[in-house]
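Structural overview
These are the residues of each chain, in order.
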Amino acid sequence: MARRMLKDEICETVGSEIDFSVMADAVGYALRRAQLYVYQDFIETFAAEGIRPPDFAVLMVLSRNPGLKQSEVAEALGIQRANFVAIIDGLEGRKLAERRKSETDRRVQCLFITKAGLAYLDELKPIWKSHEDRVVARLGGPQARDQLVQLLGRLYD
């Protein structure tokens, strides 16, 4: 069992392992560490493309769900409104997505992927697949991935 360091003890951490206490077996901590690994691999894989995970996720959602309200996409992806506006501004600036006023409620912004966005997404999909394949291999293969996805789904469904 780890003990607290007293005020007059010398701070020596070289070569010692960190005792994570109950966090070592905590679901939240394991999820966060896994998320950091997956995000870092994504960032490294897509560095040359200049796209971040939220940008990619938005393009993927818009490619399959044209015309969703801005608020619906943000909520579906768990992105805060202020952050989401910046993401859409960036995608619009690159001509990959566009906002259109709703025909039934002019206060509502509907989102669409552009032809350039679809072409860019087609270029990104093989790169994403290599990233995904690496992550799945680390998990132990498709069966392990399916099990993990199913288990994680229990937390948010």
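Scroll up to find the structure.
Residues numbered from 1 in each chain as written. Predicted model: local features only at pLDDT ≥ 70, side-chain atom pairs only at ≥ 80, totals over all residues. Heavy atoms only, no water.

1. Notes on the sheet that holds strand 1 (residues 68-69)
The strand order 1-3-2 describes an open sheet built from three strands, whose pairing is antiparallel. Where the open sheet ends on each side, the last strands, each with one partner, are strand 1 and strand 2 (97-101). As paired elements, strand 1 and strand 3 (residues 109-113) share two bridges and run antiparallel to each other. Opposite lysine 69, over in strand 3, you have cysteine 110 as the bridge partner. The strands that helix 4 (residues 81-93) touches are strand 2 and strand 3; relative to strand 2, the one it contacts most, it runs at about 110°. (Pairing = 2+ DSSP bridges. Helix = DSSP H or I, 4+ residues; strand = E, 2+ residues; numbered from the N terminus. Contact = heavy atoms within 4.5 Å. Axes fitted to C-alpha atoms, helices over the stretch in contact; angles between N-to-C directions.)

2. Regarding the nonpolar core
Core analysis: the biggest nonpolar cluster contains 22 residues, and Ile51, Val58, Leu59, Leu62, Phe84 and Leu91 have the highest contact counts within it. When residues of this core are traced back to their parent elements, those giving at least two are helix 2 (53-64), helix 3 (70-77), helix 4, strand 3 and helix 5 (115-139). Considering each element in turn, this core owes the most residues, five residues, to helix 2. Not counting residues within four places of it along the chain, the set of residues in contact with phenylalanine 84 comprises Val58, Gln70, Val73, Ala74, Ile79 and Leu111. (Core = buried A, V, L, I, M, F, W, Y, C linked by side-chain atoms within 4.5 Å. Buried < 20%, exposed > 50% of the residue type's maximum accessible area, 1.4 Å probe, protein only.)

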